[in-house]
Every structure is written in structure tokens, then in C-alpha cells.
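Spelled out, the chains give:
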Amino acid sequence: MRSTGFRRTFVTLMASSVVLTAAACGSSDDDGKAADGKTSITVNCEPPKSAKVDRSFFGADTKAFEKANPNIDVVTHDAFPCQDPKTFDAKLAGGQMEDVFYTYFTDAKHVVDVNQAADITSYVKDLKSYSSIQQQLRDIYTVDGKIYGVPRTGYSMGLIYNKALFKKAGLDPDKPPATWEELRADAKKIAALGKGTVGYADYSAQNQGGWHFTAELYSQGGDVVSEDGKKASVDTAEGKAVLQNLKDMRWSDNSMGSKQLLVINDVQQMMGSGKLGMYLSAPDNIPILVKEKGGNYKDLGLAPMPGGKGTLIGGDGYMFNKKDSPAQIKAGLKWLDSMFLTPGDGFLGDYARAKQNNAPVGLPEPRLFTGAADAKDQEVKKANANVPVENYQPFLDGNQSLDMKIEPPQAQQIYSVLDGAVSAVLTKKDADVDQLLKDASGKIDSILARG
């Protein structure tokens, strides 16, 4: 799964048509050069027309890049989501990918395995910012010692909580729960406020329940699959702790409310309306809660994952079509550097521009850069912050000691299986946790065996 916002100003999930014509994707000839001698590249993940501000920024930044690099022509394709799981593999198999194309972290190895990515190892030395990117993020696009892509953004899961409800329930709004035991106790007190107030909510449908099960399992120190990726590892003490905790909160404490089979929009609506105490999410949910669901920045706090052992991370980056010429790879890297990888500037880093357009600046996104590049990025962000950054300090502090873990292989198929286990404990009072984990483990083993 990915986090929910497109970027800092696009917080409405709206569909957009994807331009997928064979003539427009991939290289047009052997060296990617047009008749006028320019190197032409196609790129995707341009914000859709419905995201007017972001689309205008993206277009302006691309034009500025072309002006600074008159020998490069960039053809942009819009899409939301930037990568549709329903069409991604078909585009790969049909040779329809752009010259520089967007991927989730979890897809990097798959693209390499099906031989659709260009090896850019010898070219990244020309990418000014590459060495300053977090090593663990660079490693995601490195397969068998070769580099096939460049990370662009990342996110990590945490706990969003309603500071106003915490205070109303007699809890310290500046001391969010650090363990699942504390979370359970806090949720019970919040639910006791009555009038439809829910202490803790979780997803349990559309693969989102499996996604959150994974995050919760990581927080307990567990894993979804074995280290070699060949066997399930959910039928463990950690896996049982996740499901049993949800079952106990739902049926023994009645702190999760009676309405279940929730998905992200349901939970966001509950939080935005002031009826929910806590739920798991990435930081980019916060502007959605404010701009779309009626929430207030001052009431929304963010804490690290309870449990203190790990958190799920995700994110995205760009890879290069295997048909790309050397000139196209070099041009694509220059474009990425300009658009996304210049600290304090470009489409993702121009915080002053974002602030001027009433977009939230100062949300605690995981740091992409290290060293001097990170210092520059953080300096510019701090200077333009327009949200209560003190509300997110627990998240920033707590994340420093957590094990950052990416999603499992075959994530969506596995999440579908785990959805069933999560929804069962939340809808059936007599659900057998041990049997649910045993059944899920067998199904995941079959998924992994098929590759």
C-alpha cells in the first residue's frame, strides 16, 4: 500500500485518465533523439487536472528544467494513482512503460525480475544528490549489486490521536500511548465518553486490514514472511498478540465501536468529526483530516507506532525503461534531480511556494537526505512551517529507535488473506485466533510458492 496523499497539496483522492498510447511510451528510436537533435523522454506521475495547483507546479518546474537543459524534451503523462496495480503489470509486459516511470518501493525487485528495467549503475554518479539519499532507501532499488532506480519519497506508519479527546477523557494529550497495553487502556477511557465516541479504529476491508495487520505485527517485532521470503511467519506469538488485542478491544472493552469492515475514508471521517481517539496512519493523513474531514491541526497529534520495535515504511521512486538509450537515462536522471531531489527546491522541496499556496509545510515526513543536503532541506522546511510541528515531535523522536521495515513481497495478495483474519476478529465474537492464523499462514505459503 502507499500513503494516501499525492503530495503535500493534493489531498483529494480523485481518479484521472491515464494516457497509455504505445507511440508515446518507451523510446521512439535507438537513441531517443527527435528530429531536432533533442533527447526526448516520457515521464509519468504528473498530477491530474483535478489537482490544479500541483499540476501547475509540475508543469512550471518541467518547463524550467527544459529551459535550463535546451537539448532535453520532457513529455509528461498524468495519472492518479501514479501506479495502478490493475494495469501496472500489463504495461510492463506490453512494453508500454514511460522512459522514466514511477514505482512503489515494493515493486522494484519485481520490475527487475521481469527484465523491464534499465541498469543505471554506471550513470548515477552524474546524479548530484544520489550519495546524499538515505542508504536504506537507495538499497530498495539495488538488486544483486546493480542500481535500477532512484527513491523519491518515503513514509512511515505512526499513530494519529485526538488531543482534545485525550484531555476530555482525563489523559495527558502530550503523552500518547507507547505500548499496545497503554493504547488499549487509553482507548477504553476515550470510548467511555459515550455519545458515539470510539477509542481506537482499524481498517478491515479492501486489503487495508492486511496492510494494518502488517504494520501492527512489525510494531510487535514480528514479520509477515520469513527472511528468505519463502514462508509465512504470521502464525507466531507476535501475530497472535495482534489479533487477540484487536479482538479484546472490540468485544471485551467495546472501545472500537460496533461498526466494522471500515476502510480509510470511514476512519478519516470519524477522526475529522471528533468522534475517534486514535488510528494508525502516515503523516500525510493529517491535511486530509483538516481540509476534507473537518478536523483542526491543533487537535491532531502524531506518535510513533506503539510497541517500540518496528514500523512499516513505504514510498516511491522512479525506474528506467530497459529500452532507454544512454542519453535518455542521463536526461532522466537530470530531470529527477531537478524535480524531486534538490533540497529545499523543486516540485517536492519548494516549501516557500507550498506555504504561499496554503499547503501544509512541516509535516514529519521521513527524511530522504542525509548530511548537508538534509540540513538544507530541514532548514528551508522549518523556515516555512505553517502547522503545529510540536504536535508531531513524539513521532519524530520515537521513530529514531524503531526498525524501519518495508512491505512484504506479493503484498497485495497477502493483504487480501490477512483482511479475512482481521475482519473475523472484529465481526465475530467467537472468532478463533489460532485457527485464523493457521489458515492465513497456509494461504500465504501458497502465494509465496507461486512467486
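In what follows, the structure referred to is the one given above.
Note that the coordinates shown come from a computational prediction; the quantities given were computed from them, not determined experimentally.

### As for the packing of helix α7 (residues 208-219) against helix α8 (residues 237-253)
Reasoning step 1: For the pair α7 and α8, the least separation of the axes is 9 Å and the interaxial angle reads 120°. By the criterion of interaxial angle, the relationship of α7 to α8 is oblique. At the point where α7 passes α8, the crossing takes the right-handed sense. Contacts between α7 and α8 involve Phe-213, Glu-216 and Leu-217 from the first element and Glu-238, Gly-239, Val-242, Leu-243 and Leu-246 from the second.

### Thoughts on the sheet that holds strand β9 (residues 276-281)
Reasoning step 1: In space, the 4 strands of this open sheet follow the order β8-β9-β7-β10, with mixed pairing throughout. Single-partner strands in this sheet number two, and they are β8 (198-200) and β10 (300-304). Adjacent strand axes in the sheet meet at a mean angle of 25°, parallel and antiparallel pairs treated alike.
Reasoning step 2: Here 2 bridges tie β8 to β9, and the two strands are oriented parallel to one another. Across the sheet, the residue bridging to Tyr-200 is Met-278, located in β9.
Reasoning step 3: Strands in contact with helix α9 (residues 264-272) are β7 (158-162), β8, β9 and β10; relative to β9, the strand with the most contacts, it is inclined by about 140°.

### Observations regarding helix α6 (residues 180-191)
Reasoning step 1: An ideal rise of 1.5 Å per residue puts 16 Å on 12 residues; α6 measures up with 16 Å between its terminal C-alpha atoms.
Reasoning step 2: Looking only at α6, the buried set comprises Trp-180, Leu-183, Asp-186, Ala-187, Ile-190 and Ala-191. Projected onto a plane normal to the axis of α6, the buried residues spread over an arc of 130° and lie on a single side.
Reasoning step 3: Here the buried face of α6 lies against β7, α5 (163-168), β8, α7, α8 and β9.

### Examining the state of the cysteines
Reasoning step 1: By the definition in use, this model includes 1 disulfide.
Reasoning step 2: Sulfur-sulfur distance for the disulfide between Cys-45 and Cys-82 comes to 2.0 Å. Looking down the S-S bond of the Cys-45 and Cys-82 bridge, the torsion is 60°, so its handedness is right-handed. Of the two residues, Cys-45 sits in strand β1 (residues 39-46) while Cys-82 sits in the loop between β2 (72-78) and α2 (85-93), which places them 37 residues apart along the sequence. Considered together, Cys-45 and Cys-82 belong to a single accessibility category, that of buried residues.

### Here's the deal with the pattern of salt bridges
Reasoning step 1: Taken as a whole and assessed by the stated rule, the structure comprises 16 salt bridges.
Reasoning step 2: Taking the shortest distance from any N to any O, the salt bridge between Asp-174 and Lys-163 comes out at 3.0 Å. Of this pair, Asp-174 sits in the loop between α5 and α6 while Lys-163 sits in helix α5, and the two are 11 residues apart along the sequence.
Reasoning step 3: Accessibility expressed as a relative area gives 57% for Asp-174, which makes it exposed.
Reasoning step 4: The shortest N-O distance in the salt bridge between Arg-184 and Asp-253 comes to 2.6 Å. Of the two residues, Arg-184 sits in helix α6 while Asp-253 sits in helix α8, which places them 69 residues apart along the sequence.
Reasoning step 5: Take Arg-184: its relative accessible area is 26%, and that puts it in the partly exposed class.
Reasoning step 6: One network of salt bridges, in which partners are shared, links Glu-46, Arg-55 and Asp-78.

### Considerations on the packing of α6 against α8
Reasoning step 1: Where α6 contacts α8, the axes come no closer than 11 Å and their chain directions differ by 20°. Regarding the angle of α6 to α8, the classification is roughly parallel. Between α6 and α8 lies a crossing whose hand is right-handed. Contact with α6, carried on its side by Trp-180, Leu-183, Arg-184, Ala-187 and Lys-188, involves Asn-245, Asp-248, Met-249, Ser-252 and Asp-253 of α8 and no other residues of that element.

### Some remarks on the side chain of Ser-204
Reasoning step 1: Locating Ser-204 in the fold gives a position in the loop between β8 and α7.
Reasoning step 2: The residues contacting Ser-204, other than those within four sequence positions of it, are Gly-209, Gln-260, Leu-261, Leu-262, Asp-419, Val-422, Ser-423 and Leu-426.

### Let's talk about the packing of aromatic side chains
Reasoning step 1: Under the definition given, this model contains 13 aromatic pairs.
Reasoning step 2: Here the aromatic rings of Phe-58 and Trp-335 are separated by 6.0 Å at their centres, their planes lie at 65°, and the arrangement is edge-to-face. Of the two residues, Phe-58 is situated in helix α1 (residues 52-68) and Trp-335 in helix α11 (residues 326-339); the sequence distance between them amounts to 277 residues.
Reasoning step 3: Overall, the relative accessible area of 0% leaves Phe-58 in the buried class.
Reasoning step 4: Of the residues examined, Trp-335 reaches a relative accessible area of 0% and is grouped as buried.
Reasoning step 5: A connected cluster of aromatic rings, assembled from ring pairs, spans Phe-58, Tyr-102, Tyr-104, Tyr-318, Trp-335, Phe-340 and Phe-347.
Reasoning step 6: The side chain of Arg-152 reaches across the aromatic face of Phe-340, ending 5.0 Å from its centre.

Cut-offs and rules
- Residues numbered from 1 in each chain as written.
- Predicted model: local features only at pLDDT ≥ 70, side-chain atom pairs only at ≥ 80, totals over all residues.
- Heavy atoms only, no water.
- Axes fitted to C-alpha atoms, helices over the stretch in contact; angles between N-to-C directions.
- Helix = DSSP H or I, 4+ residues; strand = E, 2+ residues; numbered from the N terminus.
- Parallel < 35°, antiparallel > 145°, perpendicular 65-115°, else oblique.
- Left-handed = near helix turned anticlockwise from the far one by under 90°.
- Contact = heavy atoms within 4.5 Å.
- Pairing = 2+ DSSP bridges.
- Expected span 1.5 Å × (residues − 1).
- Buried < 20%, exposed > 50% of the residue type's maximum accessible area, 1.4 Å probe, protein only.
- Arc of directions from axis to C-beta.
- Disulfide = S-S within 2.5 Å.
- Salt bridge = Lys/Arg side-chain N within 4 Å of Asp/Glu carboxyl O.
- Phe/Tyr/Trp six-rings, centres within 6.5 Å; stacked < 30°, edge-to-face > 60°.
- Lys NZ or Arg CZ within 6 Å of the ring centre and 35° of its normal.

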